[in-house]
Amino acid sequence: MAEHDPTESAARADSRKKPFYRTLWGQVLIGVAIGIVVGYLRPATGIAMKPFGDAFIRVISMIITLVIFCTIVTGIAGMGDLKKVGRVGGKALLYFEVVSTIALLMGLVVGNLVQTGAGFNANPATLDAKAVANYAGQAKAQTVADFLMHIIPTTVFDAFTRGDILEVVFISVLFGLAMAVMGKRVKPLMDVIEGLTQAVFGVVNIVMKAAPIGAFGAMAFTVGQYGLKSLGPLAKLVGTFWITSILFVLVVLGAICWASGFGIIRFLAYIKEEIVLCLTLSSSEPALPTLMEKMESLGCSKALVGLVVPTGYTFNTDGSSIYMTLAALFVAQATNIHLTIGQQLTIFAVAVLTSKGASGVQGASFIALVGTLMVIPTIPVAGMALILGVDRFMSMGRATVNMIGNGIATVVVARWEGELDRVTLRRNLGLPYAVATALPLEPATAHRKTAN
């Protein structure tokens, strides 16, 4: 049995010898701790560290489109079965819609029960509307037709230069389908793209070594710019959002994991590096490349990972969904605006669409929320200025829940497709990532990975 394999036992023992400070997540945590200290004791110095965090995010964002393109194209082209591509995509979209809708409803229910904005008594006329004006300029009411048209880029290169994940996914799927149909005629091109894939992930591995520096810069800036004391007046909102997000992960996503044959705690431990990155950088995009690698290492096929993870970054934003309905009710309650059931359902319906554009980029959810509130004239958009100062602290939770939700979605769809058996999944989740990647897959899973 795999559990008694001496090679595995030795690998386990070797992995345990690695000191905490030599692991990536340990180094990132050290960077975070130093950043908090610097930002708290020397706010000006902390603010000056912002370029370190921004540079790391920019470098990762620079290669994300290539990661997505290479992974999807090689995965679909190597899959051969085009029916499976449609089946996987359909299952993933169904899962995304159901779970993100639960997240929206959860935020709406908690917002009504806790009443985070009650007693704030803010006067909309005295709020700084200019602070929100920039976000309002970027937000606009979006119809279903507008959203669907946005999926199609103006040119092929436009999608890559702007870094729009959904547009890149659209192009990649088309290329993958075309190459799958053409078969051997495009094998030389397939070899080139596969080689490029290896090179791109090599770049990712190099860049990730700078993650502790990026984490330090981002955290030093956050604490230096906003200060921990800024949480005081809005502690109820921030605390409620974090508690709701944690409950969503442990209860809702935990139930989904249990039904799929694995434990949520083990899964969270498996992606702890990505969790620390998202918490620190307030963005889920830097975690996308390594998350895709880890999902493949669990036994999910390259094609499935390439389809589900990038698409989920647009369609499966669970953390952003919780935030949008909860924050919308806070603004209404804080400005003493009574919302009828019909108005709340309108916010919910609009958020179903606008939340799909709230990707892992910093500030995207705030912009989407502004766009949602613009549909309800009775709620003053200027009220968003109340939470602008603490949005960064909630952005950490949004990005992290978004990333966790997409990792779980990938495993669940892989289980539905029969790509990943329970024994292999539990075995790999119970091992450190470096050890799991070195172990052979179960025969059935290995066959699927070769075929894909």
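Residues numbered from 1 in each chain as written. Predicted model: local features only at pLDDT ≥ 70, side-chain atom pairs only at ≥ 80, totals over all residues. Heavy atoms only, no water.

J.: Got a minute to help me understand the overall build of the protein in this structure?
T.: Secondary structure assignment for the protein yields 24 helices and zero strands. Relative to its 452 residues, the protein shows a buried fraction of 54%. Total accessible area on the protein is roughly 19,100 Å²; 68% of this is exposed by carbon and sulfur atoms. (Helix = DSSP H or I, 4+ residues; strand = E, 2+ residues; numbered from the N terminus. Buried < 20%, exposed > 50% of the residue type's maximum accessible area, 1.4 Å probe, protein only. Areas by Shrake-Rupley, 256 points an atom, 1.4 Å probe, with all protein chains shown as cover.)

J.: Just to check I follow, could you spell out the nonpolar core for this structure?
T.: Taken as a class, soluble globular proteins show a tendency for nonpolar side chains to be buried jointly. Membership of the largest hydrophobic core comes to 118 residues, with the highest contact counts inside it found for Y323, I387 and I408. By residue number, the principal contributor to this core is helix α21 (residues 391–416), which donates 13 residues. Excluding anything up to four places from it in sequence, I387 contacts L234, L237, Y323, A327, F330, F366, L369 and M394. By size, the runner-up hydrophobic cluster in this structure holds eight residues, among which are C70, A77, M179 and M190. (Core = buried A, V, L, I, M, F, W, Y, C linked by side-chain atoms within 4.5 Å. Contact = heavy atoms within 4.5 Å.)

J.: Which parts of the structure should I look at to understand the pattern of salt bridges?
T.: In a structure, side chains of opposite charge can pair up when their charged atoms sit close to one another. By the definition in use, this model includes seven salt bridges. The residue E274 makes a salt bridge to K294 at a minimum N-O spacing of 3.0 Å. Of this pair, E274 sits in helix α14 (residues 272–281) while K294 sits in helix α15 (residues 288–298), and the two are 20 residues apart along the sequence. Using a relative accessible area of 3% as the deciding quantity, one classes K294 as buried. (Salt bridge = Lys/Arg side-chain N within 4 Å of Asp/Glu carboxyl O.)

J.: How should I be thinking about the packing of helix α5 (residues 82–114) against helix α17 (residues 318–334) in this particular structure?
T.: When two helices pack together, their arrangement is captured by the angle between the axes and the distance separating the axes. Running from N to C, α5 and α17 point in directions that differ by 25°, and their axes come no closer than 7 Å. In terms of orientation, α5 and α17 fall into the roughly parallel class. Viewed along their axes, α5 and α17 form a crossing whose handedness is right-handed. For the pair formed by α5 and α17, the contact residues are V99, S100, A103, L104, G107, L108, V110, G111 and N112 on the first element and D318, S321, I322, T325, L326, L329 and Q333 on the second. (Axes fitted to C-alpha atoms, helices over the stretch in contact; angles between N-to-C directions. Parallel < 35°, antiparallel > 145°, perpendicular 65-115°, else oblique. Left-handed = near helix turned anticlockwise from the far one by under 90°.)

J.: Please clarify how unusual backbone geometry should be interpreted in this entry.
T.: Glycine aside, the phi torsion of most residues is negative, and most peptide linkages are trans. With a phi angle near 55°, Q115 is a residue other than glycine that sits in the positive phi range. Here Q115 lies in the loop between α5 and α6 (129–138). Despite not being glycine, N336 shows a phi value in the positive range, around 60°. The topology assignment puts N336 in the loop between α17 and α18 (341–354).

J.: Which parts of the structure should I look at to understand helix α22 (residues 422–429)?
T.: Residues spaced three or four apart along an α-helix point in a common direction, a consequence of the helix completing one turn every 3.6 residues. Where α22 is concerned, the buried positions are T424, L425, R427, N428 and L429. Where α22 starts, the residue carrying a side-chain oxygen 3.2 Å from the main-chain nitrogen of V423 turns out to be D421. (Polar contact = N/O pair within 3.5 Å; in protein donor to acceptor, adjacent residues only side chain to side chain.)

J.: Before we go on, may I ask you to explain the environment of L373 in this structure?
T.: Relative to the assigned elements, L373 resides in helix α19 (residues 364–373). Using a relative accessible area of 0% as the deciding quantity, one classes L373 as buried. Between the C-alpha atom of L373 and that of V350, which follows or precedes it by 23 residues, the distance is 9.0 Å. For L373, the contacting residues outside a window of four places in its chain are A328, V331, I379, V381 and M384.

J.: Whenever I open this one, the confidence of the model for the protein confuses me. Can you help?
T.: For residues with low pLDDT, the predicted coordinates do not support detailed interpretation. On average, residues of the protein carry a pLDDT of 80, and 82% of them reach 70 or more. Looking at the elements of the protein, mean pLDDT is at its lowest for helix α24 (residues 443–451), recorded as 41, and at its highest for helix α12 (residues 235–259), recorded as 94. Per-residue pLDDT stays below 50 along residues 1–15; that stretch engages in 14 contacts with residues further than four places along the chain or on separate chains. Counting interchain partners and residues more than four positions distant, the pLDDT-below-50 stretch residues 441–452 has 27 contacts. (pLDDT = per-residue confidence, 0-100.)

J.: When you look at the packing of aromatic side chains in this model, what are you seeing that I'm missing?
T.: Given two aromatic rings, one states the distance between the centres and the angle between the planes to describe the pair. Applying the stated criterion to the full structure yields six aromatic pairs. Consider the rings of Y95 and F96, whose centres lie 6.3 Å apart with planes at 75°: the pair is edge-to-face. On the accessibility criterion, F96 (1% relative accessible area) is buried. One aromatic cluster in this structure is built from F69, F160 and F175. Over the face of the ring belonging to F221 we find K50, whose NZ or CZ atom lies 5.3 Å from the ring centre. Geometry around Y270 places K294 over its ring, the cationic atom sitting 5.6 Å from the centre. (Phe/Tyr/Trp six-rings, centres within 6.5 Å; stacked < 30°, edge-to-face > 60°. Lys NZ or Arg CZ within 6 Å of the ring centre and 35° of its normal.)

J.: Just checking my understanding: could you explain α18 for this structure?
T.: In a regular helix each residue adds 1.5 Å, so 14 residues correspond to 20 Å; α18 covers 20 Å between its end C-alpha atoms and thus fits that length. Within α18 the residues assigned to the buried category are Q344, I347, F348, V350, A351, L353 and T354. (Expected span 1.5 Å × (residues − 1).)

J.: Got a minute to help me understand a nonpolar patch on the surface in this structure?
T.: On the surface, I243, I246, L247, L250, V251 and I265 cluster together to form a nonpolar patch covering roughly 560 Å² of accessible area. Broken down by element, the residue count for the nonpolar patch peaks at five residues, all from α12. (Patch = residues over 30% accessible without salt bridge, like charges linked within 9 Å, V, L, I, M, F, W, Y side chains within 5 Å.)

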